Amino acid sequence: MKDSYDLIIIGGGPGGYEAAIRAGQLGMSVACIEKRVHKGEPALGGTCLNVGCIPSKALLDSSHRYEMIKDEVEEHGISTGEVAIDISKMLSRKDAIVKQLTGGVAALLKGNKADWLQGTGTLLDGKGEDKKVQFTPLDGGEAVTLTAKNVILASGSVPIDIPVAPIDHEYIVDSTGALDFPEVPARLGVIGAGVIGLELGSVWRRLGAEVVVYEAMPTFLAAADSAVSKEAMKLLAKQGLDIRLDTKVTNAEVKDGKVVVTTDAKGETKEETFDKLIVCVGRRAYKENLLGEDAGVELTERGLVAVNDYCRTNLDGVYAIGDLVRGPMLAHKAMEEGMMAVERIHGEKVQVNYDTIISVIYTHPEIAWVGMTEEQAKEQGIDVKTGQFSLAANGRALAAGEGQGFIKVVADAKTDRLLGMHAVASGAGDIVHQGMIAMEFVSSIEDLQLMTFAHPTISEAVHEAVLSADGRAIHAIQRKRK
Ligand code: FAD
Ligand code: NAI
């Protein structure tokens, strides 16, 4: 540890640790302060690597394999005998993946000469040229004041608590608790049909739980294109997720080792009993011990750190990124902001294109999109044309037993410019990257129509969707034609 750095980053999640690596690559002296202790050991990687993206995807993968082997391989002529799941082994595999990745991040910081300071960072004063940051070590050592020319705040977010369902870490849990159930709950309640509710609800349903998801809003996945949310709702319900829209949980309490949940659906009160209840109603910016009284950093009305388009706060040389600031709470958004902040500190004029941040919900099939929905484009007064192609007519999807869902494109009818791509499909998260790249290059629908897509691939459905925008899809009867 030095006394003074070119850059101090507070928070070692995907936003902070990528910023530290990039700063090291650019030759800055950099420290990343991270206080997280995961399963007894100090850990980099933030929410994403320790209790978010990665462990949830490990469980999604294990549970998907289990369900496939149990229910789907028979039609291929494969017989297996009785299929069983060892939950403790599944959780150990997840933990090993997390450890491998977080250890890898520590090695990357070291390899890029970025110091990882294990403890809490507090910006005491960000106003002058030399910013003051207090570092309080995890090991109980004395707090020291460090100086830095630049500071990046990257302290991330934590789950929102609701008073009607207080977390007790045993029966009523947040997303972190739901990654470590020691056994499959027979009945699982979930509050919030958002990204976490659908992903973790799917994990435990596939493993055998009866899952009820309560959603306060009347609309399912309101941020998604309405055709996508309708299709996703239909498919998830068919899989057995019992999603109750327009239903508010008014009380949840533990009685005799069970969680009794009271709900109000349009005035109708109901009581149901579960073995576990997951509360996943969104996340909030985490600022505990982040800013001293004289830090000088302005916040928004909603308690986020206020930043401009380039993640600069109101203070010169002080940046804030990731879940702590406006925009979607996504790891890849945090990462790009971290790199942008460092490169701006280094004098580059880079920027993040917030119009092409991809959303993916890792259910099966996946739900993913980039750019404008049809509804958003219409709200902006754009003369919209859309194209859609069903996976049921895609040879590769059918061969793989993945004929559910569709790919949809949204375009400007006047200019032919691609504005959005939406998919409910196996691998949708990867598929919509084609839309992202096309949008970055300001592609027209015609540009994509004129490209050759390999056969047989699921990507051919992208080609057919852009062809169908002009009534030209080959493997579907076209009502409008060009
Ligand atoms: P974080 O990852 O939250 O990291 C911030 C770090 O700062 C934390 O480790 C914290 O300990 C540390 N810190 C805070 N204050 C201080 C301080 N004062 N001093 C020192 N250290 C401090 N996003 C996706 O894009 N894809 C996914 O598949 C996905 N899955 C998710 C699944 C779950 C269950 C959850 C909960 C989230 C998921 N997310 C996913 C969201 C993603 O995890 C976050 O958007 C991302 O981690 C935000 O990165 P960050 O760097 O801003 O903050
Ligand atoms: P979310 O914002 O996705 O969903 C929360 C849901 O809960 C919303 O539908 C909301 O209407 C509902 N809700 C809010 N209060 C409620 C109440 N009192 N009763 C019933 N329903 C209520 O938030 P979630 O799922 O907690 O995830 C947090 C964040 O983590 C997300 O914003 C997302 O950005 C990130 N994340 C991303 C993932 C991915 O990219 N695949 C995976 C998991 C999380």
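Predicted model, so just to flag it, every value in this text is computed and none were measured. (Residues numbered from 1 in each chain as written. Chains lettered and ligands numbered in written order. Predicted model: local features only at pLDDT ≥ 70, side-chain atom pairs only at ≥ 80, totals over all residues. Heavy atoms only, no water.)

(A) Just the site of ligand 2, in detail. Residues in contact with ligand 2 amount to 18 residues; listed here are only the nearest, E199, E215, G282, M329 and V360. Between ligand 2 and E199, the relevant distance is 2.8 Å, taken from a nitrogen atom to a side-chain nitrogen or oxygen of the residue. At 2.6 Å from an oxygen atom of ligand 2 is found a main-chain nitrogen or oxygen belonging to M329. Computed on the free molecule, ligand 2 has an accessible area of 830 Å², of which 74% lies beneath the protein chains in the complex. With three residues, the single largest contributor to the shell around ligand 2 is helix α6 (residues 195–206). (Near = heavy atom within 4 Å. Polar contact = N/O pair within 3.5 Å; in protein donor to acceptor, adjacent residues only side chain to side chain. Areas by Shrake-Rupley, 256 points an atom, 1.4 Å probe, with all protein chains shown as cover. Helix = DSSP H or I, 4+ residues; strand = E, 2+ residues; numbered from the N terminus.)

(B) Quick look at the sheet that holds strand β11 (residues 210–214). Reading across the sheet, the five strands line up as β9-β16-β10-β11-β12 and stay open at both edges, with parallel pairing between neighbours. Strand pairing shows two members of the sheet lacking a second neighbour, β9 (172–173) and β12 (242–244), which therefore form its edges. Pairing analysis gives three bridges linking β11 to β12, with the strands arranged parallel. Paired with V212 across the two strands is D242, which belongs to β12. Together, β10 (187–191), β11, β12 and β16 (276–279) form the strand contacts of α6, whose direction differs from that of β11 by roughly 165°. (Pairing = 2+ DSSP bridges. Contact = heavy atoms within 4.5 Å. Axes fitted to C-alpha atoms, helices over the stretch in contact; angles between N-to-C directions.)

(C) Representation of the packing of helix α3 (residues 53–72) against α6. Where α3 meets α6, the axes come as close as 9 Å, and the angle between the chain directions of the two elements is 35°. In the crossing of α3 with α6, the sense of the turn from one axis to the other is left-handed. Residue-level inspection shows S56, K57, L59, L60, S63, H64, Y66 and E67 of α3 in contact with α6, the latter providing E199, L200, S202, V203, R205 and R206. Across the contact of α3 with α6, the residue classes tally to five nonpolar, four polar and five charged. (Left-handed = near helix turned anticlockwise from the far one by under 90°. Nonpolar A, V, L, I, M, F, W, Y, C, P; charged D, E, K, R; others polar.)

(D) Main features of the side chain of N394. Position of N394 relative to the elements: it lies in the loop between β21 (384–390) and α10 (395–399). A distance of 2.8 Å separates a polar atom in the side chain of N394 from the backbone nitrogen of A397.

(E) Fine view of the UniProt feature "domain: FAD/NAD(P)-binding" (unreviewed entry) in the chain. UniProt tags residues 5–338 as "domain: FAD/NAD(P)-binding" (unreviewed entry). Between the C-alpha atoms that bound residues 5–338 there is a distance of 17 Å. The span itself is 30% helix and 29% strand. (UniProt positions renumbered as here; feature names shortened; annotations may be inferred.)

(F) Looking closely at the UniProt feature "domain: Pyridine nucleotide-disulphide oxidoreductase dimerisation" (unreviewed entry) in the chain. The UniProt record annotates "domain: Pyridine nucleotide-disulphide oxidoreductase dimerisation" (unreviewed entry) at residues 359–465. Along residues 359–465, the helical share is 33% and the strand share 29%, with 19 Å between the first and last C-alpha atoms.

(G) Expanded view of the nonpolar core. Among the nonpolar cores identified, the biggest contains 39 residues, and L188, L198, W204, F220, I243, I278 and I367 are the most heavily contacted of them. If you list the elements that add at least two residues to this core, you get α3, α4 (87–111), β10, α6, β11, α7 (226–239) and β20 (366–371). When neighbours within four sequence positions are excluded, L198 is seen to be in contact with A193, F220, L221, L236, L241, I243, I361 and T363. (Core = buried A, V, L, I, M, F, W, Y, C linked by side-chain atoms within 4.5 Å. Buried < 20%, exposed > 50% of the residue type's maximum accessible area, 1.4 Å probe, protein only.)

(H) Structural context of α6. The end-to-end C-alpha separation of α6 is 17 Å, in line with the 16 Å expected for twelve residues at 1.5 Å each. Of all twelve residues in α6, ten are buried; the element is thus mostly enclosed. Of all the positions in α6, only G197, L198, E199, L200, G201, S202, V203, W204, R205 and R206 are classed as buried. (Expected span 1.5 Å × (residues − 1).)

(I) Representation of the packing of aromatic side chains in the model. Throughout the structure, instances matching the rule amount to two aromatic pairs. Their ring planes at 55° and their centres at 5.2 Å tell us that F181 and W204 sit as a pair that is tilted. Placement of the pair is F181 in the loop between α5 (175–178) and β10 and W204 in helix α6, with a sequence separation of 23 residues. Assigned by exposure class, F181 and W204 land together as buried. (Phe/Tyr/Trp six-rings, centres within 6.5 Å; stacked < 30°, edge-to-face > 60°.)

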